[in-house]
Amino acid sequence: MTEPLSATDLARAAPARATGVVVVHLDRIAANWRALRDLVAPAECAAVVKADAYGLGAARVIPALAGAGCRTFFVATLDEAIAARALVPSANVLVLDGLVAGSGADMLASGAIPVISSLPQAVEWAGLGDRKSKRLQCALHVDTGLNRLGLSAREVQSLIGDMHLIDRIDVRLVMSHLACADDPNSPKSTQQREVFERLLPMLPSVPLSLAASDGLMLGQPYHYDLVRPGYALYGGQAFRGGRTPVQPAVELHVKVLQVRDVAPGQTVGYGASWSPPSLSRIAVIGAGYADGLFRHLSYANDRVIEPREKTAQAMAARSPSSGGEAGPAFRPVAWVAIRGQFAPIVGRVSMDLVTIDITDIDGDVAPGDSVEAIGPHIPIEVLGASAGTIGYEVLTSLGRRFHRIYTGSA
Ligand SMILES: *Cc1c(COP(=O)(O)O)cnc(C)c1O
């Protein structure tokens, strides 16, 4: 197990006033990209850095990935693309949301490549190219059953039939996206692959892409020419069929603000939802739902589980064999870790504060100490499952109030 940043290093890296610190290990993100690159070679490994690199800070993550050798980046919006292009002017930056109506001129000026997913987008891009007397670069997103973005089979027919629309754009990549790639037993992935293969003869013969983090774990038939992982680069383990060869890259440490003893009959927090079974020591930590520690992590008496059972469940939930999302038994109870020992969240999570039960923690816990809310003992999947959501949402919700420190940058 990788160790969390030591208390001394943490104190050295963040100012004393920081109540919460997100540690982003850029060297591990770079190593994760290299591991996936090696896994899918000779296919190209791109990087999905939308939503500010899944909440971790695109301004730091993109240069680290470029330094590792990544040449192709996917973002969601044109604003994200403009920021990415400024960081890595020579890389390919593709915009997954495509061409929002009327944004063609801005897209062209940015140097980013739109991922075109509808006929009107193709028409606008071709028209802009006509005016510039050149075929403009784009990617094509075809729908193979996700029914989210992408051209349907019928729209693909129109694209090649309608006044040679396809010949007026410079298609550089044809891609689609899988619905159930996290489940290796789902027939949906095979079906989508078959639909993809059936559409290809109609389209220009250019590089192809189908897989994101989980799809690339489905094996070589899903790799095609380029894979598009996001979550796995940041250490995410969403694939349920085994462990993705990446290491955790994010930690969240939150400071203890106050410690108090609470007796049976007294209650803790809003709604008086939790009362200790026996004299208990409670620590108040300086982060809450405004920082991405979701209110669904709240804990009331009717959900109390014996300490030994709690630890066993926590261990089971983060063990590799359970894969990806933690089992439902873990929900909706949550923990933080102190020196590797689990302390349950008790009472209601409020906007800026969370109360934890430190009665069973060996050794002193004092104001100013940091607790691990995400790290080797609390993986993002476990925290997500505890809140009834997924690790992706945990990452992208990490609050703006946290100080972010970056280790291992070039
Ligand atoms: C977000 C996204 C990805 C990356 O998905 P991960 O599961 O984070 O690897 C890839 N392709 C498309 C179209 C996406 O929207």
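Rules used throughout
- Residues numbered from 1 in each chain as written.
- Predicted model: local features only at pLDDT ≥ 70, side-chain atom pairs only at ≥ 80, totals over all residues.
- Heavy atoms only, no water.
- Pairing = 2+ DSSP bridges.
- Helix = DSSP H or I, 4+ residues; strand = E, 2+ residues; numbered from the N terminus.
- Contact = heavy atoms within 4.5 Å.
- Salt bridge = Lys/Arg side-chain N within 4 Å of Asp/Glu carboxyl O.
- Buried < 20%, exposed > 50% of the residue type's maximum accessible area, 1.4 Å probe, protein only.
- Near = heavy atom within 4 Å.
- Polar contact = N/O pair within 3.5 Å; in protein donor to acceptor, adjacent residues only side chain to side chain.
- Areas by Shrake-Rupley, 256 points an atom, 1.4 Å probe, with all protein chains shown as cover.
- Nonpolar A, V, L, I, M, F, W, Y, C, P; charged D, E, K, R; others polar.
- Expected span 1.5 Å × (residues − 1).
- Arc of directions from axis to C-beta.

Student: Describe the sheet that holds strand β4 (residues 72-75), naming the residues involved and giving the relevant values.
Tutor: The parallel open sheet is built from seven strands, whose spatial order is β3-β4-β5-β6-β7-β8-β9. The open sheet has two free edges, formed respectively by β3 (47-48) and β9 (208-209), since each of these has just one partner strand. As judged from the two bridges shared by strand β6 (residues 113-116) and strand β7 (residues 136-141), these two strands associate in the parallel manner. The partner of Ile 116 across the bridge, within β7, is Leu 140.

Student: Run through the side chain of Ser 275, naming residues and quoting values.
Tutor: In this structure, Ser 275 sits in the loop between β11 (250-262) and β12 (280-285). In contact with Ser 275, other than residues within four places in its own chain, are Pro 264, Gly 265, Gln 266, Thr 267 and Asn 301.

Student: For the pattern of salt bridges, give the residues involved together with the corresponding values.
Tutor: Summed over the entire model, instances satisfying the criterion amount to nine salt bridges. Ionic pairing is found between Asp 9 and Arg 12, a salt bridge with its closest N-O pair at 3.1 Å. Residue Asp 9 and its partner Arg 12 are located together in helix α1 (residues 7-13), separated by three residues, close to a single helical turn. You can call Asp 9 partly exposed: its relative accessible area is 33%. Residue class for Arg 12 comes out exposed when judged on its relative accessible area of 65%. A salt bridge links Arg 172 to Asp 170; the shortest N-O distance between them is 3.2 Å. Judged by its relative accessible area of 44%, Arg 172 falls in the partly exposed class.

Student: An account of the site of the ligand is requested, with residue identities and associated values reported.
Tutor: In the vicinity of the ligand, 14 residues are found, and the nearest of them are Lys 50, Tyr 54, Ser 213, Gly 230 and Tyr 392. Tyr 231 is positioned such that a nitrogen or oxygen atom in its backbone is 2.8 Å from an oxygen atom of the ligand. For the ligand, whose unbound accessible area comes to 390 Å², protein coverage reaches 90%. Along the lines of polarity and charge, the residues of the shell around the ligand split into eight nonpolar, three polar and three charged.

Student: Give a description of unusual backbone geometry that names residues and reports values.
Tutor: Of note, the amide linkage connecting Ala 41 to Pro 42 takes the cis form, showing an omega dihedral of 10 degrees. Summarising the element assignment, Pro 42 is placed in the loop between α2 (26-40) and β2 (44-45). At Ala 53, a residue that is not glycine, the phi angle is positive and equals roughly 50 degrees. In this structure, Ala 53 sits in helix α3 (residues 50-55). Classification of Ala 53 by relative accessible area gives buried; the value is 0%. For Tyr 224, which is not glycine, the phi dihedral falls at a positive 45 degrees. Taking the relative accessible area as the measure of exposure, Tyr 224 reaches 19% and is therefore buried.

Student: Help me get a handle on helix α9 (residues 187-199), residues and values and all.
Tutor: The end-to-end C-alpha separation of α9 is 19 Å, in line with the 18 Å expected for 13 residues at 1.5 Å each. Every buried residue belonging to α9 is among Ser 189, Gln 192, Phe 196 and Leu 199, and all of these are buried. Viewed end-on, α9 has its buried residues packed into an arc of 85 degrees, placing them on one side of the element. Exposed residues pointing more than 90 degrees away from the buried face of α9 are listed as Pro 187 and Arg 198. Summarising the contacts, the buried residues of α9 are in contact with α8 (153-161), β8 (169-175) and β9. Where α9 begins, the side chain of Ser 186 points an oxygen toward the backbone nitrogen of Lys 188, at a separation of 3.1 Å.

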